[in-house]
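# Coordinate inspection notes
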Amino acid sequence: MELFYTPKYAKTGDIIPFYNEETQRFENYYLKNWNPDAPKDLVVCGWHRLITEDHRNFEEEPVYVDGGTGSIVKVDDTYHMFYCTFDFDKEPVLQWARHAVSKDLLHWEDIPEDKFGPDGKIYRSKSDWRDPHVFWNEEQQQWWMLIAANENAATKRSGCVGLCVSDDLSHWEYRPPLYAPRMNQGANECPDLFKMGDWYYLVYSNYTDGLRTYYRMSRSAKGPWIRPKVDTFDGRAFYAGKTGFDGKDRYIYGWNPTKGENAKGFDPGKDFGKDYCSWNWGGTVVVHKLVQHKDGTLGVCPVDSVKNAFQQSKKIEITGLTGKWIQKEGIVRCCSQDGYSASIADKIPLQCCIKMKCKYHGNPTRFGIALQIDKAFDFGYYLMFEPDFNRIEFRSGLRMYEHGGQMFPYETEMERPLVMEADREYEISLYIQDTMAILYVDDDLAFGFRMYNWTERHLGFFVSEGELEVWDAVLMTEK
């Protein structure tokens, strides 16, 4: 059974969460991006319904709405879908907010007269106008629509979360942007707004000057919006996150992109394997459960169905390759003050969870986990905890070689911020499904990534110029 869902012959794009209070399950929708080799008789473009009760098992069916991301609300006995369409025959491509209605969440009737685009005054005409997110604003006693737009600003850094208001869900009035940081050239995509406790949260994704799903905080739905120190839910390999609430817990749904199609023509001329190909649009469903801290900031942890997926547990055996790895009273310790010490452990199954507790002493340049390595300790994948940078860096094996330095004209492949403290205990959970993996730290921070080139090899640990302790290290499988 899969941990994370990928449709057959396709990739999951943006997910539109909708919790059905009548059936008490999430009856979400998503944009389906078919693979080039998909059988033609199966291809149905646009929205597909994606039903789940546990965020691990999914059922899907097409709804024959050919459009982009949006939202769904229910009023009395009618469901209202807001989505977007594109005039690809125009230059630039024109974008529109659209409205459709349904009685059963499956058969939808578009309302052509409710179609509208940017006003050309507050919002730049012939520009971004997509991903409408509609909800009832209790504070304002109005329907609000958040929309990915461009403010009519002085520079090209005009990406914003636009705002329109309505009393009837059909006639919308333009308002100044809810959030316009004048930071990004592209629109702030897939906007979402919700309240948790005393805080309001604005969620959006952006693909220029950084590619992430971000959030901001405020005491009011109108702002002003505060940027928390860590303002993301996951790393580069998590996009278009939108949230859903079941009355108890709130979840954020995004996608971990696959690789290998070279749709934009960015792949290297020489074939170094799929690890070094460009990201596709869409991939595998990723769902995190939101965690709210005392100061209002947010973290994420695994959903219960993933956390409880594995019943068989095996103690991980660690063997030193370089440096002195000492095991005593269930703790494996390595002190490596003058260089890099490496160890090798169990073979990694295609689907598993690796759990452990660890702490570091002193000020190591890096320590962490190696995946899909052998005794040469070169090719594979490395999760490097770097206290001086307060980050976890993901690095693939080619980076250790000259070709890696030539291919990547930058220092970091992927990274995730984490403020680290010496002598503090960290709890690590690493969920692996074939090419995809998600690291959770203290059930509060997530870092997803892909591993294509190397499989069915070993786990390892390392520490450089410092001391590392590892204990309660187990390898968990379904059976």
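Just above, that's the structure.
We now turn to the structure provided with this report. (Residues numbered from 1 in each chain as written. Predicted model: local features only at pLDDT ≥ 70, side-chain atom pairs only at ≥ 80, totals over all residues. Heavy atoms only, no water.)

### Digging into the nonpolar core
- One finds Ile354, Leu371, Leu383, Leu439, Phe449 and Phe461 to be the most contacted residues of the largest nonpolar core, which totals 41 residues.
- The element that contributes the greatest number of residues to this core is strand β33 (residues 458–477), accounting for seven residues.
- Those residues in contact with isoleucine 354 that lie beyond four places of it in its chain are Ile316, Leu371, Ile428, Ser429, Leu430, Ile432, Leu459, Val474 and Leu475.
- Of all hydrophobic cores here, the second largest spans 39 residues; its members include Val203, Val287, Val300 and Phe310. (Core = buried A, V, L, I, M, F, W, Y, C linked by side-chain atoms within 4.5 Å. Buried < 20%, exposed > 50% of the residue type's maximum accessible area, 1.4 Å probe, protein only. Helix = DSSP H or I, 4+ residues; strand = E, 2+ residues; numbered from the N terminus. Contact = heavy atoms within 4.5 Å.)

### Examining the sheet that holds strand β6 (residues 68–75)
- Pairing in this open sheet of four strands is antiparallel, and the strands run β6-β7-β8-β9 from one edge to the other. Strands with a single pairing partner mark the edges of an open sheet, and in this sheet they are β6 and β9 (109–110).
- With two bridges joining them, strand β8 (residues 94–102) and β9 adopt antiparallel strand pairing. Paired with valine 101 across the bridge in β9 is glutamate 109. (Pairing = 2+ DSSP bridges.)

### With respect to the environment of lysine 294
- Its location among the elements puts lysine 294 in the loop between β19 (279–292) and β20 (298–302).
- On the basis of relative accessibility, which here comes to 91%, the residue lysine 294 falls in the exposed class.
- On a C-alpha basis, the gap between lysine 294 and lysine 121 in space is 41 Å, while along the polypeptide they are 173 residues apart.

### Describing the packing of aromatic side chains
- The final tally for this structure, using the stated rule, is 34 aromatic pairs.
- Relative to tyrosine 83, the ring of tryptophan 47 has its centre 6.5 Å away and its plane inclined at 75°; by these criteria the two rings are edge-to-face. Placement of tryptophan 47 in strand β4 (residues 47–52) and of tyrosine 83 in strand β7 (residues 78–87) is noted, with a sequence separation of 36 residues between them.
- Residue classification places tyrosine 83 among the buried positions, given a relative accessible area of 6%.
- Here the aromatic cluster, defined as three or more aromatic residues joined through ring pairs, consists of Tyr19, Phe26, Tyr251 and Tyr253.
- Over the face of the ring belonging to tyrosine 426 we find arginine 424, whose NZ or CZ atom lies 4.4 Å from the ring centre. (Phe/Tyr/Trp six-rings, centres within 6.5 Å; stacked < 30°, edge-to-face > 60°. Lys NZ or Arg CZ within 6 Å of the ring centre and 35° of its normal.)

### Concerning the pairing of strand β16 (residues 212–218)
- β16 sits mainly inside the fold: seven of its seven residues count as buried.
- By the alternation rule, side chains of β16 split into Arg212, Tyr214, Arg216 and Ser218 and Thr213, Tyr215 and Met217, which are all buried.
- Note that strand β15 (residues 199–206) and β16 share seven bridges and pair antiparallel. Counterpart to tyrosine 204 in the pairing with β16 is tyrosine 214.
- Taking the residues that link successive antiparallel strands as the turn, the β15-β16 hairpin has five residues, and the phi of aspartate 209 there is positive, at about 55°.

### Points about the pairing of strand β11 (residues 142–150)
- Counted residue by residue, β11 has nine buried out of nine residues, so it is predominantly covered.
- Alternating positions in β11 separate into two faces, Gln142, Trp144, Leu146, Ala148 and Asn150 on one and Trp143, Met145, Ile147 and Ala149 on the other, with burial throughout.
- Counted between consecutive antiparallel strands, the loop separating strand β10 (residues 129–137) from β11 contains four residues, among which glutamine 141 sits at a positive phi close to 55°.
- Strand direction decides the pairing type here: β11 and strand β12 (residues 159–166), joined by eight bridges, are antiparallel. By the bridge assignment for β12, asparagine 150 is matched with glycine 159.

### Thoughts on the sheet that holds strand β13 (residues 173–179)
- Strand order across the open sheet formed by four strands is β10-β11-β12-β13, with antiparallel pairing between neighbours. One side of each edge strand has no neighbouring strand; the edge strands of this open sheet are β10 and β13. Going from strand to strand, the sheet's axes swing by 30° on average, the running direction of each strand aside.
- Here β12 runs beside β13; their pairing, made up of four bridges, is antiparallel. Along β13, the bridge assignment pairs valine 165 with glutamate 173. (Axes fitted to C-alpha atoms, helices over the stretch in contact; angles between N-to-C directions.)

### Focus: the pattern of salt bridges
- Here the structure, examined in full by the defined rule, presents 29 salt bridges.
- Salt-bridge contacts for glutamate 60 lead to lysine 32; the nearest nitrogen and oxygen are separated by 2.8 Å. Of the two residues, glutamate 60 is situated in strand β5 (residues 59–62) and lysine 32 in strand β3 (residues 25–34); the sequence distance between them amounts to 28 residues.
- Looking at glutamate 60, the relative accessible area reads 25%, which means it is partly exposed.
- A salt bridge links arginine 49 to glutamate 61; the nearest nitrogen and oxygen atoms lie 2.8 Å apart. With arginine 49 in strand β4 and glutamate 61 in strand β5, the pair connects residues that are twelve residues apart, well separated along the chain.
- Residue classification places arginine 49 among the buried residues on the basis of a relative accessible area of 10%. (Salt bridge = Lys/Arg side-chain N within 4 Å of Asp/Glu carboxyl O.)

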